[in-house]
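Each chain, letter by letter, is given below.
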Amino acid sequence: MSALLAAGAPAAYDNSVPLAEIPALVLPALGDTFLMVGIVMAVVVVVGVPLGALVHNLGPAGLAPAPAVHTVLSGVVSIGRSLPFLILMASIVPFTRFVTGTNIGIAAAVVPMSIAGVAFFTRIVENSLRSVPSDRVRVATASGASPLQIVRTAQLSEALPSLIGGLTINTIAMIEYSAIAGTIGAGGIGYVAVTYGYQRFDHTVMIVTIVLLVATVAAVQLVGDAAVRATSPEPVPRRRWWRRRSDGPTPVAVTAV
Amino acid sequence: MISLEALTKVHVTGTTRTTVLDHVDFTVGAGEIAAVVGPSGAGKSTLAECVTLLQRPTSGRVVVNGDDLTALGERDLRVARRRIGTVFQSDGLFGRRTAAQNVALPLEYLGVTRVEARRRVAELLDRVGLGHRADARPHELSGGQRQRVGIARALALRPRVLLADEATSGLDPASTASIVGLLRELRDDLGLSILFVTHEMDTVLQIADSVARLDHGRVVERGRLLDLLRDPASPLGTALRPARESAEAPPGARPWRLDYVSADVPADWPSRLGEALGAPVALLGASVESLGGATVGHATVAVPEAVADRLPGVAAALGLAARRAGQGSAPATAPAAVAGAELVR
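This is a predicted model, so every value here is computed, not measured.

Our next topic: the overall build of chain A. Within chain A one finds 13 helices and zero strands. Along its sequence from the N terminus, chain A presents helices and strands in the succession α-α-α-α-α-α-α-α-α-α-α-α-α. Looking at chain A residue by residue over its 257 residues, the buried ones come to 37%. Partitioning the intrachain contacts of chain A with sequence separation of at least 6 by distance along the chain shows that 66% fall at a separation of at least 24.

Another point: the overall build of chain B. Helix and strand content of chain B: twelve helices and 14 strands. Viewed in the frame of its principal axes, chain B has a C-alpha envelope of about 80 × 55 × 35 Å. Counting the 345 residues in chain B, one finds 41% classified as buried. Here the contacts in chain B between residues at least 6 apart in sequence split such that 70% fall between residues at least 24 apart.

Turning our attention to the interface of chain A and chain B. Each partner contributes to the interface: chain A provides 17 residues, whereas chain B provides 18 residues. Within the residue set of the side of chain A that touches chain B, elements represented by two or more residues are α7 (135-142) and α8 (147-156) of chain A. Per-element accounting of the side of chain A that touches chain B gives the leading share, six residues, to α7(A). Looking at the side of chain A that touches chain B residue by residue, the class counts come to five nonpolar, seven polar and five charged.

This part takes up the pairing of strand β1 (residues 2-13) of chain B. Residue and element names in this part refer to chain B. Direction of pairing for β1 relative to strand β4 (residues 59-64): antiparallel, over a ladder of five bridges. Across the sheet, residue T8 finds its bridge partner in β4, namely S59. Relative to strand β2 (residues 16-28), β1 runs antiparallel, the two being bridged by nine bridges. Across the sheet, residue T13 finds its bridge partner in β2, namely T16.

It is worth spelling out the domain arrangement of chain B at this point. Quite often, the size of an interface is put as the accessible area lost when its parts meet. Residue and element names in this part refer to chain B. Per the domain assignment, the segments making up chain B are domain 1 (2-224) and domain 2 (236-344). Here the C-alpha centre of domain 2 lies 37 Å away from the C-alpha centre of domain 1. Counting residues at the interface gives eight residues for domain 1 and seven residues for domain 2. Elements with a minimum of two residues in the side of domain 1 that touches domain 2: α7 (201-207) and β9 (210-215). A per-element tally of the side of domain 1 that touches domain 2 places α7 first, with three residues. Counted by class, the side of domain 1 that touches domain 2 contains six nonpolar, no polar and two charged residues.

For the rest of this paragraph, the subject is the environment of B:G131. Residues and elements named next belong to chain B. Its place among the elements puts G131 in the loop between α4 (114-127) and α5 (143-154). According to the C-beta neighbour criterion, G131 is partly exposed, with 14 such atoms within 10 Å. It is 9.2 Å that separates the C-alpha atoms of G131 and V121, two residues lying ten residues apart in sequence.

Residues and elements named next belong to chain B. Taken in spatial order, the four strands of this open sheet run β2-β1-β4-β5, and their pairing is antiparallel. At either end of the open sheet lies a strand with only one pairing partner, and these are β2 and β5 (67-68). Pairing analysis gives two bridges linking β4 to β5, with the strands arranged antiparallel. Paired with V64 across the strands is D67, a residue of β5.

Now for the environment of A:I189. Residues and elements named next belong to chain A. Its location among the elements puts I189 in helix α10 (residues 189-198). C-alpha of I189 to C-alpha of D32: the two residues are 157 residues apart in sequence and 7.4 Å apart in space. In this structure I189 touches V26, A29, L30, T33, A179, T209, L212 and L213, once residues within four positions along its chain are discounted.

Turning our attention to the confidence of the model for chain A. Residues and elements named next belong to chain A. Summing up the model confidence of chain A, the mean pLDDT is 85 and the portion of residues at 70 or higher is 87%. In the model of chain A, helix α13 (residues 251-256) stands out as the element of lowest mean pLDDT, 44, in contrast to α8, which has the highest, 94. For residues 246-257, every residue scores under 50 in pLDDT, and the model assigns this stretch one contact once sequence neighbours within four places are set aside.

Residues and elements named next belong to chain B. Confidence in the prediction of chain B, expressed as mean pLDDT, is 85, and 94% of residues score 70 or more. Helix α3 (residues 99-110) holds the highest mean pLDDT among the elements of chain B, 93, whereas helix α12 (residues 333-344) holds the lowest, 41. Here residues 327-345 scores under 50 on pLDDT; set against residues more than four positions off or in separate chains, the count is 20 contacts.

Residues and elements named next belong to chain A. Although it is not a glycine, F201 sits at a positive phi angle of roughly 50 degrees. Inspection of the secondary structure puts F201 in the loop between α10 and α11 (203-231). Classification of F201 as exposed rests on a count of 11 C-beta atoms within 10 Å.

Ranked by size, the top nonpolar core spans 148 residues in total, and within it B:V103, B:A164, B:L195 and B:F196 carry the most contacts. Looking at this core, the element that brings in the most residues is helix α6 (residues 105-130) of chain A, giving 15 residues. Each of domain 1 (2-224) and domain 2 (236-344) of chain B gives at least three residues to this core. Leaving out residues up to four positions away in the same chain, B:A164 has contacts with B:V87, B:L183, B:I194, B:L195, B:F196 and B:V197.

Residue and element names in this part refer to chain B. Within the open sheet, the four strands sit side by side as β12-β13-β11-β14. Their pairing is antiparallel. For this open sheet the edge positions go to β12 (282-291) and β14 (320-324), each flanked by a neighbour on one side alone. Each strand of the sheet is rotated relative to its neighbour by a mean of 20 degrees, with strand direction disregarded. Where β12 and strand β13 (residues 294-304) come together, nine bridges link them in antiparallel fashion. Bridge pairing in β13 places S290 opposite T295.

Parameters and conventions
Residues numbered from 1 in each chain as written. Chains lettered and ligands numbered in written order. Predicted model: local features only at pLDDT ≥ 70, side-chain atom pairs only at ≥ 80, totals over all residues. Helix = DSSP H or I, 4+ residues; strand = E, 2+ residues; numbered from the N terminus. Buried ≥ 20, exposed ≤ 12 C-beta atoms within 10 Å, placed from the backbone. Contact = placed C-beta atoms within 7 Å. Nonpolar A, V, L, I, M, F, W, Y, C, P; charged D, E, K, R; others polar. Pairing = 2+ DSSP bridges. Domains from an automatic or database assignment. pLDDT = per-residue confidence, 0-100. Core = buried A, V, L, I, M, F, W, Y, C linked by C-beta atoms within 7 Å. Axes fitted to C-alpha atoms, helices over the stretch in contact; angles between N-to-C directions.

This is the structure we're talking about:
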């Protein structure tokens, strides 16, 4: 970083990063973002899927309804969901420091992001499982399935396209959170946007980070949609956001009505 | 064989207790197809779910092949359930699995090896006539085909007992007929006992050996299908027989309703009736059909008032029960007709 500061030094009042050096600044940061989001999403899937299945099955429509446990568990998840990420991140600093030994950098950002991500994904899993027709569970039970077999084959497997759709949304939310985590020095593309683009009014860096973030989110969405199509039994129409406007009723038609 | 003994199910919500099943006694013998009919809310679905213990009965016993299922713990129950094949109303196929993978489900749960499962699945799909659609997904199959896959899945673990819960409801007449034909064929070939729960009277006529009518959680009437159909006083028999409007009687003649009450009613009874009475017999309406070789039905005829007194005796000799039909003539049939309307609904 000192090298970059030095590079900006010769022009006395213009401390913006020269165009040629932007890739060297932005690309490693993008790599950091991918690393952060990747670690977080791994934790989210490993913890969120069982947790979501547990919350669903302890609930009224589940395999083993337990109202008291369900209320407590669901309440904890709701707390995780209701705190704005910035506040959640700040409020668990002691816990983060206890787990990772630091409160800055990627390791420190992963802890609050994982907590927020797991809470988010637990709700998504619960919601996806709820939308699986209940006769699947009855079929599995009547066919002699054990509870774990029911959860795996009649719930999770049947909800897979919906789970992948939720995972896509979750991943994009985590990319957003990684930018927020940038404000506490987590590194990544968000950190570059804040320190160079915002605090140093470097519009070029700002624009580059914006373009990269938009491209990343679009790529995640495309991959997610393709995975949903690949796992759905019935054909799923392609997203045609560039045509949506022309599909809707025209303003003329609205005034005529 | 399935036998339900004093099966009772009470739903408790807050302070209200609703008795859904009230001491239901019912037996499906080996190789028998027994139908349970009743209006919506009579407890049919609860009965079906209690047989596989998807719902725990409040009291009473469910005995399948000599085992009392109600006495079993969760783990033993899982084993016992494998001996009952269940065919559901909404086929319940898993949308992300092919027909073959759906049929393989119970085998997968049991832990059967892949090779063996594949062989058994191919055999089952051939059995239900869908060998060529093994790789089709449920949404690519017609309603009748989906139900065939459901039946193949129910048979995967070679059960002795099949439970069909509204298995043909929602299917078109042709699919219903083919499913009914398949179930009868399976009964004949595999000696299955089939408990067929339905609200469709037409289907009962085609499939059942015996019928029980459930109303407000109780079995209010039951018997062999043919016995019920030949009993003019049976409300269930009346509900099972298709009701048809008949034509007006000609002037000077009175309409009579004739019911087939015997197994050997001669097919030429109208002309024999005319000869014996020495008077013309006008046929105003009839519904006669053959069920598994036995002829059942009813007819409305008109004979001149002069010979009307002799009609019941002559008809009885031909195996027909006669009673006056028409406006306000048979008060005994009125409640039956109401019950019938309720059942058909």
